[in-house]
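Listed below, chain by chain, are the residues.
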Amino acid sequence: MRFSINIPNFGDFADARTVAAVAHAAEQAGWDGLFVWDHVVHDMRQRRTFGDPWMLLTAAALATSRIRLGTLVTPVARRRPHQLARQVATLDHISGGRVVFGAGLGGPIEDEYGSFGEPTDPTVLAEHLDEGLDLLERYWSGEPVTHHGDHYEVRDVTLLPPTVQRPRVPVWIAGFWPRRRPMRRAARWDGAVPLFESAKHGHAPPVDEVRELARYVNARRGERSGEPFDLVVGGTSPTVPAAAHDLIGPLIDAGATWWDERHVIDEGIDELAPLMRRIEHGPPRF
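In this report, the structure presented in the accompanying data block is examined. (Residues numbered from 1 in each chain as written. Predicted model: local features only at pLDDT ≥ 70, side-chain atom pairs only at ≥ 80, totals over all residues. Heavy atoms only, no water.)

## Quick notes on the nonpolar core
- Membership of the largest hydrophobic core comes to 66 residues, with the highest contact counts inside it found for Leu 34, Phe 101, Leu 133, Trp 140 and Ile 279.
- Grouped together as the second largest cluster of nonpolar side chains are nine residues, Leu 72, Val 100, Val 193 and Trp 258 included. (Core = buried A, V, L, I, M, F, W, Y, C linked by side-chain atoms within 4.5 Å. Buried < 20%, exposed > 50% of the residue type's maximum accessible area, 1.4 Å probe, protein only.)

## Looking at empty space enclosed by the protein
- According to the stated counting rule, one finds one cavity of 30 Å³ or more in the structure shown.
- Taken as a whole, the largest cavity spans an internal volume of roughly 30 Å³.
- If you trace the largest cavity, you find it lined by Ala 85, Arg 86, Ala 89, Tyr 139, Trp 140, Leu 159 and Pro 161.
- Elements with a contribution of two residues or more to the lining of the largest cavity: α3 (81–95) and α5 (122–140).
- Considering each element in turn, the lining of the largest cavity owes the most residues, three residues, to α3.
- When grouped by side-chain class, the residues that make up the lining of the largest cavity number six nonpolar, no polar and one charged. (1 Å grid on protein atoms, 1.4 Å probe; cavity = no way out; pocket = protein on both sides within 12 Å on 5 of 7 lines; lining within 4 Å. Points joined across faces, edges and corners; volume = space filled by probe spheres on them. Helix = DSSP H or I, 4+ residues; strand = E, 2+ residues; numbered from the N terminus. Nonpolar A, V, L, I, M, F, W, Y, C, P; charged D, E, K, R; others polar.)

## Observations concerning the packing of aromatic side chains
- Enumeration over the complete set of coordinates arrives at eight aromatic pairs.
- Taking 5.7 Å as the distance between ring centres and 70° as the angle between the ring planes, the aromatic pair formed by Phe 35 and Trp 258 counts as edge-to-face. Here Phe 35 is found in strand β2 (residues 33–36), whereas its partner Trp 258 is found in strand β10 (residues 258–261), with 223 residues between them in sequence.
- The exposure class assigned to Phe 35 is buried, which follows from its relative accessible area of 0%.
- Given a relative accessible area of 1%, Trp 258 falls into the buried group.
- Ring geometry for Trp 172 against Trp 258: centres 5.6 Å apart, planes inclined by 65°, an arrangement best described as edge-to-face. In this pair, Trp 172 is assigned in strand β7 (residues 171–177) and Trp 258 in strand β10, connecting sequence segments 86 residues apart.
- Classification of Trp 172 by relative accessible area gives buried; the value is 1%.
- Here the aromatic cluster, defined as three or more aromatic residues joined through ring pairs, consists of Phe 10, Trp 37 and Phe 50. (Phe/Tyr/Trp six-rings, centres within 6.5 Å; stacked < 30°, edge-to-face > 60°.)

Structural data, given as structure tokens:
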């Protein structure tokens, strides 16, 4: 089990210098990763300051040398794949090969897409996501790409340099469980970042649901069944070791490989001070 810190890209964390300080503190305290939200807007009723996640992560990369860095998650349908491929590859080089790419539909869809006149049909967005992911993988190879798809057209383009990690950066796929389609998508890649309809953000998911999900994904890995696969769950963990063991131990047994430390939404989720207090306690020890 590895342990990460999860922060939004708004509020106190819209500032790249703050994110760099968070990343440095997390690395010093023994955490294994820092993951940043990728929102343009989030809850249109509130006026917030946002930072671009790739610039925030660049600052984090320059302030660290060990921890994994990435987005949880980037809505691929909201971005141009070739531009996104360049951003991820650049960060992978800056960080020395420490990027994890989290992808999904993103949301809230009406805010993130509809506010800008973009399609809001989840089926159409899922088509963009799947086609975009395939393009990203090809771009990251550093080989020539020609593509004639339903949503994207590429004519003999080579994006250099390729990612440091070979054959590409790890790709984790998000989605709500028990919805099956996102987890079937995840089975084709390197990890799953499920959200659970039975557990709100900041609350650990039920162990039996994590076990069911792990079995579902593993049964659909096909020829990749022998390759490493990450299952990321999260919530707010206790700082008392025995209590942390009671919470996270059963999730490890159920198949989880990462614990992503997440504050409960609207309980200071975009404030630096409470997060730094949690970081300094260090991750749960197993």
